[in-house]
Amino acid sequence: MQIAVVGATGAVGQEMCSILAQRRVPADCLRLLASARSAGTRVPYAGTDLTVRELTKDALAGVDFALFSAGAETTRAFAKPAAANGTVVIDNSSAFRMDSDVPLVIPEVNPQDAHQHHGLIANPNCSTIIMAVAVWPMHRVNPVRRIIVSTYQAVSGAGAAAMQELRDQTRRVLDGQPVEPKVLPHQSAFNVFSHDSPIDESGYNTEERKMVNETHKMFHDNTIRITATCVRVPVLRAHSESINLTFDQPIRAQKVRDILEAAPGVRVVDDRAGNCFPMSIDAAGQDEVLVGRIRQDRSDPSGCSIALFVCGDQLRKGAALNAIQILNLLTS
Ligand code: A2P
């Protein structure tokens, strides 16, 4: 089996390589592709070095599965021709996520959809994945009618250059030097700002709209009322989210905790006595979505509302790991 990682030099691509190495995929099954800028770069892989090649149509010939994480433009240019040539593309970009003939899949949520593909499967938005992994197991027991979510998003979602920018800016601020944002539109060190995606006339940004539309698609339920506020925080790689849920029927916080304790891909971190709850530094590098602060929302006298807080690694479950779990679904 030949697997290509497209965008292998990027933050998500590197994480894909590290997960494939952990899963003992042999180096000779792997093709690392990126832009012409990176052609010839050597990347360490499972005790050896692999050479990055330029992404071209020919470079994908004979590839069985291609994991794309090189931006929507690259996907639009290369994914469909590759699929037409027999490669199954699992794409991390937003290019085709909402297309009706492209499954959008989180293995813990809608694994059955993965098998309906026509050569192209989309990996959802990172904030959406982290929320959906936590919400889905509750939704199955007591349908969720409304979601109010506020995100605290790491800079990794904007790529490896944004992560480096946060490191560099942090040093400069501590040294009393001026900073000049280049990758993200505002200073990321010691700052919090509204998500850097375009805002439409309704006042929502693209990230917020993805959280609504992609959740509807994967849950197969367009009636769930969802509103999101997406914000960047000076964190390298784990997203946090405050989530308020209103269910169809009254539900107790203990019931929610029991459901989440048994849910795949979730780890309950809810130590009230120790005031210890999900934190980005604990979620970073982990596979599970951490869930805590599970409590009844007292502002809803019907007893149908629950508040909670989640953290998940944007590069792993929010991107690379989810894509590789989709690959596993198709190959096992
Ligand atoms: P390169 O490093 O050669 O620019 P990130 O999300 O961390 O910014 O990474 C983006 C990834 O997508 C990188 O591996 C980058 O490669 C790759 N990429 C960007 N543009 C292209 C392109 N036109 N063709 C192939 N790969 C691309």
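Residues numbered from 1 in each chain as written. Predicted model: local features only at pLDDT ≥ 70, side-chain atom pairs only at ≥ 80, totals over all residues. Heavy atoms only, no water.

1. Things to note about the domain arrangement of the chain
Inference 1: Structurally, the chain comprises domain 1 (2–124 + 319–331) and domain 2 (128–314).
Inference 2: Computed over C-alpha atoms only, the centres of domain 1 and domain 2 are separated by 25 Å.
Inference 3: With 19 residues of domain 1 at the contact, the number on the domain 2 side is 19 residues.
Inference 4: Buried surface at the junction of domain 1 and domain 2, both sides included, amounts to about 1600 Å², of which 64% is carbon and sulfur. (Domains from an automatic or database assignment. Contact = heavy atoms within 4.5 Å. Buried area = accessible area lost by both parts, 1.4 Å probe.)

2. Details of the nonpolar core
Inference 1: Among the nonpolar cores identified, the biggest contains 58 residues, and L60, I147, I243, L245, L260, V291 and L308 are the most heavily contacted of them.
Inference 2: Counting residues per element, this core draws most heavily on helix 4 (residues 126–141), at 9 residues.
Inference 3: When sequence neighbours within four positions are dropped, the list of residues in contact with I147 reads M131, V135, I224, R225, I226, T227, I243, N244 and L245.
Inference 4: In this structure, I3, V12, V105 and I324 belong to the second largest nonpolar core, which totals 40 residues. (Core = buried A, V, L, I, M, F, W, Y, C linked by side-chain atoms within 4.5 Å. Buried < 20%, exposed > 50% of the residue type's maximum accessible area, 1.4 Å probe, protein only. Helix = DSSP H or I, 4+ residues; strand = E, 2+ residues; numbered from the N terminus.)

3. Here's the deal with helix 1 (residues 11–22)
Inference 1: The terminal C-alpha atoms of helix 1 lie 17 Å apart, and with 12 residues this matches the ideal 16 Å at 1.5 Å per residue to within 8%.
Inference 2: All of the buried residues in helix 1 are A11, V12, G13, E15, M16, C17, I19 and L20.
Inference 3: Where the residues of helix 1 are buried, they touch strand 1 (3–6), strand 2 (30–34), strand 3 (42–45), strand 6 (65–68), helix 5 (160–174) and helix 9 (316–331).
Inference 4: Within two residues after helix 1, R24 carries a phi angle of roughly 60 degrees, on the positive side. (Expected span 1.5 Å × (residues − 1).)

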